[in-house]
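So the chains spell out like this:
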Amino acid sequence: MTATRVEFNPFLPEFIENPFPVYHRLRTEDPVHESPMGFWVLTRYDDVAGMLRDARFGRKGFDTLLQARFGEAGFDLSMLFRDPPDHTRLRALVSKAFTPRVVEEMRGRIQEIVDALLDRAQDVGRMDVIADLAYPLPVIVICEMLGVPAENRDLFRHWSVDIARSLDAIALPTEPEVIERGTAARHALADYFRGLIAERRRRPKADLLSDLIANGTLALLRHPAELRALRADPGLIGSAVEELLRYDGPVQRTGRMPNTDVALGGRTIPKGALVLGLIGAANRDPAHFPDPDRLDITRGDNRHLAFGWGIHFCLGAPLARLEAQIAILALLRQLPRLALATARLEWRRASTLRGLTALPVTF
């Protein structure tokens, strides 16, 4: 029997549940994959990392693509879709808020927020890690950083979620209502910050951190030996979070467009084509990570791509690392009998940001 040709299809239920077998086949059988959906897909670590730091791949052309997808230049305010020199100027304006020193000064306040959220869950006797911890934590932190009043936090969270869920539309067919909600949320968020403070027209994505905490907690619960090791030695939390980012990080892919024809893996990617670098696949490339499908919280030399690479490396990486470390350690410390409340978990259909719809636990 002839084997079927592997294709990148993020709409299949089995892919939504577990994309890693497809990633493995693509890396092995067709690492520079031309999708029938009209874009290219890279899955090897060296190819994805190379795309992220190669000046031949950039964001030029995304304005036309976004206008075609959304019917407008919907991402005009975001430096994520700009190349230098505009990107360099905008990144310099906001980078001061996310330096390691500034983030470290927030440790005490983040611990207070985590403790209060866990105390509230313990008071009611039940917990959904996403709804009760992973969503509210980054929203509270980023709102306090930006000066958003407490009474507006729920509105801020809904805008962020709608924006994140519309990201798939950049490359994939997406339901019109998802695009409409994302577009409305971008306008509302931009208008809100214009009125609040003109200099801070950034677009925070609370989903990234909430998915990191939820996916990481799920991975630990499914690997009890690693969970026990972390409980026994909390000093491993730094390497544990890096491994959780590598093993099942929230950001599964990122896109670029070449400004010239690029020869790669025996193929030629034409100028102006949309190229997706599958970060989730690169982070399990056996050429860079021994036994890549095994969760190992003591893994050394863990140079994953979960936060990207190059000029678009995630500005919020230090904050995300700190919040995840504090939240996961607090979960293990304050809820010593933490366990999954169900074996039937549902993953969101969005495939750019991989995350659960809920993570109910007992404690």
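My aim in this report is to walk through the structure given alongside it, one point at a time. (Residues numbered from 1 in each chain as written. Predicted model: local features only at pLDDT ≥ 70, side-chain atom pairs only at ≥ 80, totals over all residues. Heavy atoms only, no water.)

### Focus on the sheet that holds strand β4 (residues 127-128)
Turning to step 1, where the next piece is worked out: Pairing in this open sheet of three strands is antiparallel, and the strands run β4-β10-β9 from one edge to the other. The outermost strands of the open sheet, each flanked by one partner alone, are β4 and β9 (339-340).
Turning to step 2, where the next piece is worked out: Pairing analysis gives two bridges linking β9 to strand β10 (residues 360-362), with the strands arranged antiparallel. Of the residues in β10, the one forming a bridge with L340 is V361. (Pairing = 2+ DSSP bridges. Helix = DSSP H or I, 4+ residues; strand = E, 2+ residues; numbered from the N terminus.)

### A few points about the pairing of strand β8 (residues 275-278)
Turning to step 1, where the next piece is worked out: The side-chain alternation of β8 yields two buried faces, one formed by V275 and G277 and the other by L276 and L278.
Turning to step 2, where the next piece is worked out: Looking at chain direction, strand β2 (residues 40-42) and β8 are connected through three bridges and run parallel. By the bridge assignment for β8, W40 is matched with V275.
Turning to step 3, where the next piece is worked out: Relative to β8, strand β5 (residues 253-258) runs antiparallel, the two being bridged by four bridges. The partner of G255 across the bridge, within β8, is L276. (Buried < 20%, exposed > 50% of the residue type's maximum accessible area, 1.4 Å probe, protein only.)

### Side note on the packing of helix α9 (residues 136-146) against helix α16 (residues 317-334)
Turning to step 1, where the next piece is worked out: Between α9 and α16, the least distance of the axes is 11 Å, while the angle of their chain directions is 135°. For the element pair α9 / α16, the angle class is oblique. Judged by the sense of rotation from one axis to the other, the crossing of α9 with α16 is right-handed. Contact residues: L137, P138, V141 and M145 in α9; L319, E323 and A327 in α16. (Axes fitted to C-alpha atoms, helices over the stretch in contact; angles between N-to-C directions. Parallel < 35°, antiparallel > 145°, perpendicular 65-115°, else oblique. Left-handed = near helix turned anticlockwise from the far one by under 90°. Contact = heavy atoms within 4.5 Å.)

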